[in-house]
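One letter stands for each residue in the lines below.
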Amino acid sequence: MLMELEDVNCWSLAEAIGERGPHRPHHLLSRAVWDEEAVLERTAAWAVDVLDDGDGILIADETGDAKSSTDAVAAARQYSGSVGGVDLCQVTVLPDRHPRPRTSGPDRPERPRRG
């Protein structure tokens, strides 16, 4: 899913991972049963393992955009802070890495200097 493919669908995923057809990726994405908590824990552990160099922090920025129809992918009636409640919207999570803040005292981040 994190591969840089021109088209992301079950056929292109199957080709990228060496499958002869889209059946296994399609089953995984549409019908497979799994433990969501276990997947979340393993994914979080993987992300920390790959992304943590000890010198930065990862920020997950969740944002929502109002939509006028359900034609957009993942558009549904759901909560979005930027919309101000439950409405038809599309929620996106954007990861961003920042340098670890320097501290100017116990548990107090130093304010960034301008100029």
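Residues numbered from 1 in each chain as written. Predicted model: local features only at pLDDT ≥ 70, side-chain atom pairs only at ≥ 80, totals over all residues. Heavy atoms only, no water.

Quick look at the pairing of strand β2 (residues 76–80) now. Two strands pair when backbone bridges link them, and β2 and strand β3 (residues 85–99) are joined in this way by five bridges, in the antiparallel orientation. When the bridges of β3 are listed, Y79 appears paired with V86. Here β2 folds back onto β3, and the loop between the two strands holds four residues, one of which, G84, carries a positive phi near 95°. (Pairing = 2+ DSSP bridges. Helix = DSSP H or I, 4+ residues; strand = E, 2+ residues; numbered from the N terminus.)

Bringing the sheet that holds β3 into the picture now. One open sheet holds the three strands; their spatial order is β1-β3-β2, and the pairing between them is antiparallel. Both outer strands of the open sheet, β1 (56–66) and β2, are each paired with one neighbouring strand and no more. Neighbouring strand axes in the sheet, compared pairwise and without regard to direction, differ in orientation by 35° on average. (Axes fitted to C-alpha atoms, helices over the stretch in contact; angles between N-to-C directions.)

Structurally, T70 is set in the loop between β1 and β2. A relative accessible area of 56% means that T70 is categorised as exposed. Spatially, the C-alpha atoms of T70 and L88 are 7.7 Å apart, while their sequence positions differ by 18 residues. (Buried < 20%, exposed > 50% of the residue type's maximum accessible area, 1.4 Å probe, protein only.)

So, about the pattern of salt bridges. In the structure shown here, the tally under the stated rule is two salt bridges. When the shortest N-O distance is used, the salt bridge between E19 and R24 registers 3.6 Å. Between D87 and R77 there is a salt bridge; the shortest N-O distance is 3.9 Å. With D87 in strand β3 and R77 in strand β2, this residue pair connects regions lying 10 residues apart in the sequence. (Salt bridge = Lys/Arg side-chain N within 4 Å of Asp/Glu carboxyl O.)

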